[in-house]
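# Geometric and topological summary
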Amino acid sequence: MKYFILAFKNWNKFNGRANQAEYWYFTLFYFIISIILSVVDFSLLGYDPMDATSMGVLSGLFNIVCVIPSLSVTVRRLHDVNKSGWNMLWALTIIGAFYVLYLEIIKGSEGDNDYGAPSNA
C-alpha cells in the first residue's frame with residue numbers, strides 16, 4: 001500500500017524514475033480498490049454494470065482522482081527503462097499497447113540513466 005500512497009505523494013513529479021515494484025503495486029492496489037468501489041456502487045447505489053450508459057459514482061470519482069498519479073507513475077516507470085514518457089502514447093494503438101506493456105514489465109536500467117538515479121522507494 002505504501003507504493004499506492006507514494007504515487008499520490010508524487011502526483012506532480014513527471015521526472016525521475018519509478019522501479020517495477022512502485023509501478024506494479026500502484027497498479028495492483030488501483031485495481032483492487034476499483035473492484036471494491038464497483039461492488040459498492042452495484043450493491044448500495046444501484047449501479048448496473050451491464051448498462052453502458054451508466055457509471056458508478058464512487059468508482060467514477062476514484063478514477064478521476066487517480067488519472068494524474070497514474071500518468072506520473074507510468075512516465076516515471078518508462079524513465080526507469082531509459083525511455084521517454086511520450087512512449088506512453090503508443091498505448092493508443094493496439095500494437096503499441098503491447099510495446100508499452102513490455103516497457104512496463106522489463107527490468108529498469110542499472111545505475112544512473114538519462115533520467116537520473118534509480119528509485120529507492
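Residues numbered from 1 in each chain as written. Predicted model: local features only at pLDDT ≥ 70, side-chain atom pairs only at ≥ 80, totals over all residues. Heavy atoms only, no water.

## With respect to the side chain of Asn 87
Of note, Asn 87 is situated in the loop between helix 3 (57-80) and helix 4 (94-105). Look at Asn 87 and you get buried, because its relative accessible area is 16%. (Helix = DSSP H or I, 4+ residues; strand = E, 2+ residues; numbered from the N terminus. Buried < 20%, exposed > 50% of the residue type's maximum accessible area, 1.4 Å probe, protein only.)

## Remarks on the nonpolar core
Within the largest apolar cluster, 11 residues are counted, these being Phe 4, Ala 7, Ala 18, Tyr 23, Phe 26, Tyr 30, Ile 33, Leu 37, Phe 62, Cys 66 and Val 73. For this core, the secondary-structure elements that each account for two or more residues are helix 1 (2-9), helix 2 (20-44) and helix 3. Residues within four places of Leu 37 in sequence aside, it is in contact with Leu 58, Ser 59 and Phe 62. (Core = buried A, V, L, I, M, F, W, Y, C linked by side-chain atoms within 4.5 Å. Contact = heavy atoms within 4.5 Å.)

## Quick look at the side chain of Arg 76
Inspection of the secondary structure assignment puts Arg 76 in helix 3. Not counting chain neighbours up to four residues away, the residues in contact with Arg 76 comprise Ala 7, Asn 10, Lys 13, Phe 14, Asn 15, Gly 16, Arg 17, Ala 18 and Glu 22.

## Notes on the packing of helix 1 against helix 2
Contact pair helix 1 / helix 2: the axes reach a minimum separation of 7 Å and the direction vectors enclose 100°. Relative to helix 2, helix 1 is oriented roughly perpendicular. Contact residues: Tyr 3, Phe 4, Leu 6, Ala 7 and Phe 8 in helix 1; Ala 21, Glu 22, Tyr 25, Phe 26, Phe 29, Tyr 30 and Ile 33 in helix 2. Among the residues forming the contact of helix 1 with helix 2, the class breakdown is 11 nonpolar, no polar and 1 charged. (Axes fitted to C-alpha atoms, helices over the stretch in contact; angles between N-to-C directions. Parallel < 35°, antiparallel > 145°, perpendicular 65-115°, else oblique. Nonpolar A, V, L, I, M, F, W, Y, C, P; charged D, E, K, R; others polar.)

## Some thoughts on the layout of surface pockets
Its boundaries defined by the atoms lining it, the largest pocket holds a volume of some 220 Å³. Lining of the largest pocket is provided by Tyr 23, Phe 26, Thr 27, Tyr 30, Phe 31, Asn 63, Cys 66, Val 67, Ser 70, Leu 71 and Thr 74. For the lining of the largest pocket, the secondary-structure elements that each account for two or more residues are helix 2 and helix 3. Per element, the largest residue contribution to the lining of the largest pocket is 6 residues, and it comes from helix 3. Taken together, the residues of the lining of the largest pocket break down into 7 nonpolar, 4 polar and no charged. (1 Å grid on protein atoms, 1.4 Å probe; cavity = no way out; pocket = protein on both sides within 12 Å on 5 of 7 lines; lining within 4 Å. Points joined across faces, edges and corners; volume = space filled by probe spheres on them.)

## Remarks on the packing of aromatic side chains
Counted according to the given criterion, the structure contains 8 aromatic pairs. Here the aromatic rings of Tyr 3 and Tyr 25 are separated by 5.6 Å at their centres, their planes lie at 5°, and the arrangement is stacked. Here Tyr 25 lies in helix 2 and Tyr 3 lies in helix 1, a separation of 22 residues in the sequence. With a relative accessible area of 41%, Tyr 25 lands in the partly exposed category. Ring pairs connect the aromatic residues Phe 4, Phe 8, Phe 26, Tyr 30, Phe 31 and Phe 62, which therefore count as one cluster. (Phe/Tyr/Trp six-rings, centres within 6.5 Å; stacked < 30°, edge-to-face > 60°.)

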